Amino acid sequence: MGKNIFINHACTFLDLGGITIDNDVQIGPKVNLITENHPVDPTQRKNLDLKSIHIKRNVWIGAAATILPGVTVGENSIVAAGAVVTKDVPDNTIVGGVPARIIKKIEM
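Report on the accompanying structure.

Definitions and limits used
Residues numbered from 1 in each chain as written. Predicted model: local features only at pLDDT ≥ 70, side-chain atom pairs only at ≥ 80, totals over all residues. Heavy atoms only, no water. Helix = DSSP H or I, 4+ residues; strand = E, 2+ residues; numbered from the N terminus. Buried < 20%, exposed > 50% of the residue type's maximum accessible area, 1.4 Å probe, protein only. Polar contact = N/O pair within 3.5 Å; in protein donor to acceptor, adjacent residues only side chain to side chain. Contact = heavy atoms within 4.5 Å. Pairing = 2+ DSSP bridges.

Turning to the side chain of Thr35, a few remarks are in order. One can find Thr35 in the loop between β5 (32-34) and β6 (36-37). According to the relative accessible area criterion, Thr35 is buried, its value standing at 0%. Side-chain polar atoms of Thr35 contact the backbone nitrogen of Leu16, separated by 3.3 Å. Discounting chain neighbours no more than four positions away, the residues touching Thr35 are Leu14, Asp15, Leu16, Gly17, Gly18, Ile19, Asp49, Leu50, Lys51, Ser52, Ile53 and Pro69.

Strand pairing in a sheet is mediated by backbone hydrogen bonds. Such pairs are either parallel or antiparallel. With mixed pairing, 6 strands are arranged side by side in an open sheet as β1-β4-β9-β12-β14-β15. What marks the edges here is a single partner per strand, and that holds for β1 (6-7) and β15 (101-105). As paired strands, strand β14 (residues 93-96) and β15 are joined by 4 bridges and run antiparallel to one another. For Ile94, the partnering residue across the bridge sits in β15 and is Lys104.

In structure tokens, the structure reads:
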């Protein structure tokens, strides 16, 4: 955890795979950061597949968004409320939807 982080209420962080949150991040209510998954193979499904999440500097994650295992959210980016992020988010980008897709670039 970095400095100057705001985490709203009712968030869920499943962190066995590791979660890194850089400075100046804002996390809305009911956000889910999920680092655990299960294999597709039914004979292996009780095992865990762990992948870390990295939330870079100055990110804003909207209410009830879900960040899935292995995702990095790039610097200055915004994850829209209710989004399900399955892939890395580039720096200075707004993503939204299920699954999340790029909505627009943030001009700096």
